[in-house]
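Per-entry structural report
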Amino acid sequence: MPTPRETLKVIAHRGASADVPEHTLAAYRKAIEDGADGLECDVRLTSDGHLVCVHDRRVNRTSNGRGAVSALELADLAGLDFGSWKDTTRVGPVGPGAGLDTAVPVPPVSERPQWDAERTSVLTLERLLELVSDAGRRVELAIETKHPTRWAGQVEERLMTLLDRFGLAAPASAAESPVRVMSFSARSLHRVRAASPHLPTVQLMQFVGVRHRDGRLPPGVGISGPSIRILRGHPSYVEQVHRAGNRVHVWTVDDPADVALCADLGVDAVITNRPRAVLEQLGRG
């Protein structure tokens, strides 16, 4: 019988984002090469109706531009640099004493090699789906819808249209689906379930409300998405969720002690910025 370390799925958070600029094609390509079981992305809708992989409401942090994603067109985003900010520091290797934000000096801009487009261009969800479909193996995709947004239900509508184009919108069963939709918004998940009852959904949680402490989830949702902080304080929550017939996907799990905790508790999947390091710790690298 497989051990928890063998069955624990490792999902790359915004790609291999500890090493490569988050939400870039290069970050996801590296995560696949590193052996990640799946990829996680955040999606937002542009003003002209394109789903792009950007975490923040505004592009200020991860690009050389300014403004809200929802107020910009795809062409506006295509003209921005979404990668060079990452090169101000370089993240060190995982190991004893190596923290997530360990940084070492890097050469001045004039001495660095030219960044390639895969590390700097905005990534559309359509392009990410193409990458996954061409991976040559099963690569799961966890898509987080970001709310609130001025486009409200149009986000889920465009998402389902795009998934349908790739033959992923209506799986025969939740177990067969390589795609799942995550959100902190219960309303967003309700829209997804109404459109596709068998598409797996994940209720993300900053904290566990009183109604869900026994492991139950909103109607139709089969996966709990607690933060690692919740598990540190309430490790018994995993057993409660499993007892209720649901699964547990935990974010964001980078520290080796947290990886070990999740494995020991029987967590079903961890979402991490460091997929290769986590796989190596689990003996699967």
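Residues numbered from 1 in each chain as written. Predicted model: local features only at pLDDT ≥ 70, side-chain atom pairs only at ≥ 80, totals over all residues. Heavy atoms only, no water.

Its place among the elements puts Trp251 in the loop between strand S10 (247–250) and helix H10 (256–265). On the basis of relative accessible area, Trp251 is assigned to the buried category, the value being 19%. The sequence separation of Trp251 and Pro219 amounts to 32 residues, and the corresponding C-alpha distance is 22 Å. Not counting residues within four places of it along the chain, the set of residues in contact with Trp251 comprises Phe184, Leu204, Met205, Gln206, Gly225, Pro226, Ser227, Ile228 and Ile271. (Helix = DSSP H or I, 4+ residues; strand = E, 2+ residues; numbered from the N terminus. Buried < 20%, exposed > 50% of the residue type's maximum accessible area, 1.4 Å probe, protein only. Contact = heavy atoms within 4.5 Å.)

Helix length check: helix H6 (residues 154–165) (twelve residues) gives 17 Å between terminal C-alpha atoms against 16 Å at 1.5 Å per residue, within 8%. Taken together, the buried positions of H6 are Val155, Glu156, Leu159, Met160, Leu162 and Leu163. Taken down its axis, H6 places every buried residue within 165° of arc, on the same side. Turned more than 90 degrees from where H6 packs its buried face, Glu157, Asp164 and Arg165 sit exposed. Packing partners of the buried residues in H6 comprise strand S2 (38–45), strand S3 (51–52), helix H5 (125–133), strand S6 (140–145), strand S7 (179–183) and helix H7 (186–195). (Expected span 1.5 Å × (residues − 1). Arc of directions from axis to C-beta.)

Generally speaking, nonpolar side chains in soluble globular proteins are found buried as a group. In terms of nonpolar packing, the biggest core is built from 57 residues, with Leu39, Leu125, Leu128 and Leu163 touching the most fellow members. Non-local contacts of Leu163, meaning those with residues more than four positions away in its chain, are made with Leu129, Ile143, Leu168, Ala169, Val179 and Leu199. The next biggest cluster of nonpolar side chains, apart from the first, holds ten residues, and it includes Val52, Val54, Val59 and Leu72. (Core = buried A, V, L, I, M, F, W, Y, C linked by side-chain atoms within 4.5 Å.)

So, on to empty space enclosed by the protein. Counted under the stated rule, the structure contains one cavity of 30 Å³ or more. Looking at the largest cavity, its volume works out to about 50 Å³. Lining the largest cavity are Glu22, His23, Cys53, Val54, His55, Thr62, Phe82 and Trp85. Taken together, the residues that form the lining of the largest cavity break down as four nonpolar, three polar and one charged. (1 Å grid on protein atoms, 1.4 Å probe; cavity = no way out; pocket = protein on both sides within 12 Å on 5 of 7 lines; lining within 4 Å. Points joined across faces, edges and corners; volume = space filled by probe spheres on them. Nonpolar A, V, L, I, M, F, W, Y, C, P; charged D, E, K, R; others polar.)

Now for unusual backbone geometry. Going from His147 to Pro148, the amide bond is cis rather than trans, its omega being 5°. With a phi angle near 60°, His23 is a residue other than glycine that sits in the positive phi range. Mapping His23 onto the fold places it in the loop between strand S1 (9–13) and helix H2 (25–34). On the basis of relative accessible area, His23 is assigned to the buried category, the value being 4%. One non-glycine residue, Ala152, adopts positive backbone phi at about 45°. Structurally, Ala152 can be placed in the loop between S6 and H6.

Once that is clear, we can look at H2. In terms of burial, H2 is a largely internal element, seven of the ten residues being buried. If you check which residues of H2 are buried, you get Leu25, Ala26, Ala27, Tyr28, Ala31, Ile32 and Asp34. Taken together, the buried residues of H2 touch S1, S2, helix H4 (117–120), H5 and helix H11 (275–281). Just downstream of H2 lies Gly35, where phi reads positive at about 100°.

This part is about the pairing of S7. Counting buried positions along S7 gives five out of five residues, so the element sits mostly inside the fold. Going residue by residue along S7, you find Val179, Val181 and Ser183 tucked away on one face and Arg180 and Met182 tucked away on the opposite face as well. One ladder, built from four bridges, connects S6 with S7; its direction is parallel. Counted as the bridge partner of Leu141 is Val179 from S7. (Pairing = 2+ DSSP bridges.)

Moving on to the environment of Asn64. As for its position among the elements, Asn64 is in the loop between S3 and helix H3 (74–78). What makes Asn64 exposed here is its relative accessible area of 56%. The sequence separation of Asn64 and Gly79 amounts to 15 residues, and the corresponding C-alpha distance is 9.6 Å. Non-local contacts of Asn64, meaning those with residues more than four positions away in its chain, are made with Leu80 and Asp81. Polar contacts involving the side chain of Asn64 include one to the main-chain amide nitrogen of Asp81, which spans 2.8 Å. (Polar contact = N/O pair within 3.5 Å; in protein donor to acceptor, adjacent residues only side chain to side chain.)

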